Amino acid sequence: MMKIATALLLLATQSTNAFLSPSLTTTTPTRHFSLRAVESSDDANNNNNNISRRTLLATSLATSLVVTSLLPPIANAVDDDDAAPSAASATPTVVVAGATGQTGRRILERLAGQPNLSVIAGVRNVEKAEKSLGESSTVVRGAMVQKVPSLDAAGVELRKIDVSDTAESLASALSGAQSLVIAVGFVPGNPLKMNKSAHEVDNVGTCKLIDAAKSAGVTKVVMVSSILTNGRDWGQEKSPGFVVTNAFGGVLDEKIVAERYLRASGMDWTIVRPGGLKAKPPAGELRISGEDTLNAGEISRDLVADVCVASLTDGKASNKVLEIIESEETEPKVFNGLNM
């Protein structure tokens, strides 16, 4: 600091000499300053007074430069080492709720492979999930037999997210996340308990998760739902797809409640409504349709996962319902974003 002050003092002294130089008797501006000193040739006393004033001005300038250099930094200055990282530089975080399900684990796999992204797997039992995510197996889930592929979840954080928990605990589990994919759903099993299970998971539990997301500061939510969820409102309650699907605990009637709750939440949302889900790779090209337009069709869970991941960042999916199936008329293509 003293070296800087000394250098500034020397500069100021040189400036003083420049002010006293005969060259300043002209009206030509100085090299470093816009000030001009003009000397009168009519009166010697006035000339001496002018020189004295210029001397005083230059000396004052020198003093102010030195004093300024010795002052501490301004109050709001922050050292580079102490500066907090900007929001833009922070790594975004996304949570997948229902990460051990067949669709959820496919979504998780795709997100885990993306750079500069923090991924959290929301599971009901962390210890069991640590083991099951890394294993390929065939499991019986309620009334369904499912072949579950293994998943490389290296770098993925596992957190307990069970929609039967309190909203407060769910909000805590979502802390720090900007985005959430909801891939939860009840598993059909005991016919006497299906209605209760569907209501608790696809309705009440999902709405609770939406509340928790908003409380935790999540700004984007993608929800996996189903075609014909809103079938009653567009005359499809007697269609085969609606009758068969809703026979499992009235699940479509429960899901529509959660869909409407998300839409009213104030967060940016995308609702993905797939047709009948297949565990096999795609056999046809992805078809994306508008809200309340599809009443039949099937789709690979792989494509559902692709659409969900793309919907997190694609502005075309913002606050939209995407109904998706595979086209039976065209061959499958490599997924290349949401072509709507």
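Everything that follows concerns the structure shown earlier in this document.
Just so we're clear, the structure is a prediction, and the values are computed from it rather than from any experiment. (Residues numbered from 1 in each chain as written. Predicted model: local features only at pLDDT ≥ 70, side-chain atom pairs only at ≥ 80, totals over all residues. Heavy atoms only, no water.)

**Observations regarding helix 8 (residues 251–263)**
Over its 13 residues, helix 8 extends 19 Å from the first C-alpha to the last, a length consistent with the 18 Å expected when each residue adds 1.5 Å. Taken residue by residue, helix 8 has Val 251, Leu 252, Glu 254, Lys 255, Ile 256, Ala 258, Glu 259 and Leu 262 as its buried positions. For helix 8, the elements touching its buried residues are helix 6 (194–216), strand 7 (220–224), helix 7 (240–246) and strand 8 (268–274). (Helix = DSSP H or I, 4+ residues; strand = E, 2+ residues; numbered from the N terminus. Expected span 1.5 Å × (residues − 1). Buried < 20%, exposed > 50% of the residue type's maximum accessible area, 1.4 Å probe, protein only. Contact = heavy atoms within 4.5 Å.)

**Thoughts on the sheet that holds strand 2 (residues 118–123)**
Spatially, the eight strands line up as an open sheet ordered 5-2-1-6-7-8-12-10, and their pairing is mixed. The open sheet has two edge strands, strand 5 (157–160) and strand 10 (286–289), and neither has a second partner. Neighbour-to-neighbour, the strand axes of this sheet turn through a mean angle of 20°, independent of strand direction. Relative to strand 7, strand 6 (residues 179–182) runs parallel, the two sharing four bridges. Opposite Leu 180, over in strand 7, you have Val 221 as the bridge partner. Where helix 3 (residues 102–112) meets the sheet, it contacts strand 1 (93–97), strand 2, strand 6 and strand 7, and its direction lies at approximately 165° from that of strand 1. Each of strand 7, strand 8 and strand 12 (320–326) is contacted by helix 8, which is oriented at about 155° to strand 8, the strand it contacts most. (Pairing = 2+ DSSP bridges. Axes fitted to C-alpha atoms, helices over the stretch in contact; angles between N-to-C directions.)

**What about the pairing of strand 7?**
Among the five residues of strand 7, five are classified as buried, and the element is accordingly described as predominantly covered. Burial of the side chains of strand 7 extends over both faces: Lys 220, Val 222 and Val 224 are buried on one face and Val 221 and Met 223 on the other. As a crossover connection, the stretch from strand 6 through helix 6 into strand 7 is right-handed. In terms of strand pairing, strand 7 meets strand 8 through five bridges, oriented parallel. By the bridge assignment for strand 8, Val 224 is matched with Val 272. (Right-handed = clockwise from strand over helix to strand, strands pointing away.)

**Comments concerning the environment of Glu 259**
With respect to the helices and strands, Glu 259 occurs in helix 8. Linking Glu 259 and Thr 206, residues 53 residues apart in sequence, is a C-alpha distance of 9.1 Å. In this structure, Glu 259 is in contact with Met 223, Ser 225, Thr 229, Ile 271 and Arg 273, ignoring residues within four places of it in sequence. At 2.7 Å, the side chain of Glu 259 forms a polar contact with the side chain of Arg 273. (Polar contact = N/O pair within 3.5 Å; in protein donor to acceptor, adjacent residues only side chain to side chain.)

**Quick word on the packing of helix 6 against helix 8**
In contact at an axis separation of 8 Å, helix 6 and helix 8 are set at 10° when each is read in the N-to-C sense. Our classification of the angle between helix 6 and helix 8 gives roughly parallel. Between helix 6, through Ala 198, His 199, Asp 202, Asn 203, Thr 206, Cys 207, Ile 210 and Asp 211, and helix 8, the contact on the second element is made entirely by Val 251, Glu 254, Lys 255, Val 257, Ala 258, Tyr 261 and Leu 262. Grouping the amino acids of the contact of helix 6 with helix 8 by side-chain chemistry returns eight nonpolar, three polar and four charged. (Parallel < 35°, antiparallel > 145°, perpendicular 65-115°, else oblique. Nonpolar A, V, L, I, M, F, W, Y, C, P; charged D, E, K, R; others polar.)

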